[in-house]
Structure formats: C-alpha cells, structure tokens
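Structural characterization, general
The primary structure of each chain is shown beneath.
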Amino acid sequence: MVGSPSALNENVLVLNRLWQAVNICSARRALCLLYQGHAHAVLQANGSFQTFQFTDWRDFSRGADGRLRFIHGVNCRIAVPPIVLLVLYDKTPHKEVKLTRQNIYTRDKHTCQYCGKSVEKKDLNLDHVIPRHLGGKTTWENVVCSCRECNTRKANLTPKQAGLSLIRQPKKPVWRPYLDFNLERVPHDVWKHFIDLSYWNVQLGDEEEEEEGV
Ligand SMILES: [Zn+2]
C-alpha cells in the first residue's frame with residue numbers, strides 16, 4: 001500500500017479494550033494493527049461510535065467521504081481511521097516513566113540542578129550525584145541535569161567534596177511525558193471524548209514544582 005507520507009504518518013489515537021486512550025500511533029501502524037486483527041477502527045456516526053474490522057473498514061472506505069485521509073493501493077483505497085480500538089490489550093495506561101536523557105531533562109526543566117541556571121539542551125550534561133566509581137547508580141534519585149561548569153567542577157567528586165549542593169532532591173517523576181502532545185492541536189474532535197485533560201497534561205507529584213507551572 002502506498003500513500004502520501006503525510007497520510008501514512010497521520011496520528012491515530014489508540015484506545016485499549018476499556019476505551020481508554022493509551023497512545024498515539026501513526027496511520028501506518030494503526031492500519032497494520034487493523035489488518036492483523038489486533039484492532040478495530042472507530043468512527044463516530046450519528047452520535048454513537050461504530051467499530052469496524054479490517055474488511056468492514058475497507059468496504060466502508062470505498063464510499064467514505066473526504067473528511068478522512070486516504071491511503072491508496074493498486075485497486076483500492078483505505079481511509080485512515082482517526083481512532084483504533086485494541087482488541088486484546090486491556091491494561092490501564094502504563095504510568096512508569098522511562099529513565100532517559102530526555103525525561104531527566106524534562107524533569108529538571110533543562111535547569112542545572114547545582115547552580116539553578118537554565119541551560120540549552122546542547123550544553124546540558126547528565127551528572128551522577130554520587131559518582132559511579134563510589135557506587136552511585138543510574139537512577140532517578142542519582143542522576144540530574146548539570147551545566148558544563150558545574151559538571152566540570154564536580155568531576156568525580158560527591159557534591160559535598162566539590163562544594164556544590166543540589167537545588168532540589170531528585171526523584172522519580174509520576175507523570176508520563178512520553179506523549180509530547182499539544183492538546184491545542186487535536187487533529188480530530190472525536191479524540192476529545194477519550195482524552196482526559198487532567199490526565200494528559202503533565203503532572204508532577206511535587207507541589208512546589210507544580211506551582212512553577214510545569
Ligand atoms: Zn550549573
């Protein structure tokens with residue numbers, strides 16, 4: 001199947017079996033899930049939601065109007081469903097936040113955790129608070145953002161040895177920043193039925209940080 005790259009990459013909202021929004025994927029991925037029978041397409045019609053298996057969706061696509069984007073094959077075209085419903089997966093959304101460089105930057109708001117300076121991404125480093133050679137682990141509680149100067153000053157020392165102190169105690173965040181998604185740009189109004197604003201917005205467990213408007 002071919003399609004314009006933009007249609008294949010269009011965002012599709014993924015619901016679990018409990019009709020909870022769990023992810024956003026590309027149209028390419030959504031159509032694979034549909035084709036493999038792992039998901040059904042979801043469409044809102046006359047105030048209710050209809051679900052379609054692959055063959056039904058393909059048949060529906062033939063007569064569908066221009067509100068949907070299409071991917072064209074040799075003898076057919078198939079519409080990009082705005083939403084797919086997973087048939088098997090019924091877990092509630094995964095709330096673990098992966099320990100990644102990007103997520104640490106996000107948690108620390110691109111701010112050096114020693115001097116408090118806001119730093120461009122390219123000039124940020126990750127610092128092990130307790131250095132690795134002293135047994136410091138790569139964990140949310142022991143890795144922070146630091147600017148180059150503080151990083152150089154700290155080197156392989158503990159903060160105390162380097163005469164530095166943390167501006168806040170690092171900890172594991174409770175939000176899920178994997179979805180870097182701006183709700184101003186919801187591509188389909190129908191998504192709003194499934195997106196709980198308070199749930200999708202970034203939430204920190206730390207009240208002090210919430211006040212800073214993260
Ligand atoms: Zn610094």
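The present account deals with the structure reproduced in this document. (Residues numbered from 1 in each chain as written. Predicted model: local features only at pLDDT ≥ 70, side-chain atom pairs only at ≥ 80, totals over all residues.)

1. Considering the overall build of the chain
Short version of the rule: Only DSSP runs of H or I with at least four residues qualify as helices, and only runs of E with at least two residues qualify as strands; both kinds are numbered from the N terminus onward. Every C-beta atom is placed from the backbone, and the number of other C-beta atoms within 10 Å of a residue's own sets its class: buried at 20 or more, exposed at 12 or fewer, partly exposed in between. We call two residues in contact when the distance between their C-beta atoms, placed using the backbone, is within 7 Å.
For the chain, the count of helices and strands is eight helices and nine strands. Counting the 214 residues in the chain, one finds 22% classified as buried. For the chain, the share of sequence-separated contacts (at least 6 apart) that also reach a separation of at least 24 residues comes to 59%.

2. Section: the sheet that holds strand 2 (residues 21-26)
Rules: One bridge is not enough; two strands pair if DSSP finds at least two bridges between them. Here an axis means a line fitted to C-alpha atoms, over the contact stretch when the element is a helix, while the angle between two N-to-C directions is reported on a 0 to 180 degree scale.
Read from one edge of the open sheet, five strands run 2-1-7-3-4, paired in mixed fashion. Each edge of the open sheet carries a strand with a single partner, namely strand 2 and strand 4 (48-52). Adjacent strand axes in the sheet meet at a mean angle of 35°, parallel and antiparallel pairs treated alike. One ladder, built from four bridges, connects strand 3 (residues 39-45) with strand 7 (residues 83-86); its direction is antiparallel. Counted as the bridge partner of Ala41 is Val84 from strand 7.

3. Considering the nonpolar core
To keep things clear, this is the line we draw: Any nonpolar core is a set of buried residues, restricted to Ala, Val, Leu, Ile, Met, Phe, Trp, Tyr and Cys, that join up through C-beta atoms within 7 Å.
Ranked by internal contacts, the top residues of the largest apolar core, which has 23 residues, are Val12, Ala30, Leu34 and Val84. Put simply, the parts of the chain that give this core at least two residues each are strand 1 (11-15), helix 2 (27-35), strand 3, strand 6 (77-79) and strand 7. Ignoring anything within four residues of it in the chain, the contact list for Ala30 reads Val12, Cys25, Ala39, Pro81 and Val84.

4. Quick word on helix 2
Our working rule: The arc under discussion is defined with respect to the helix axis, by the directions toward the C-beta atoms.
Within the span of helix 2, buried status applies to Ala27, Ala30, Leu31, Leu33 and Leu34. Down the axis of helix 2, the sector holding all buried residues measures 160°, keeping them to one side.

5. Thoughts on unusual backbone geometry
Even without a glycine there, the phi angle at Lys109 is positive, about 55°. Note on placement: Lys109 falls in the loop between helix 4 (101-107) and strand 8 (124-128). Of note in this structure, Ala155 is not a glycine but carries a positive phi near 45°. Locating Ala155 in the fold gives a position in the loop between helix 5 (148-154) and helix 6 (159-162).

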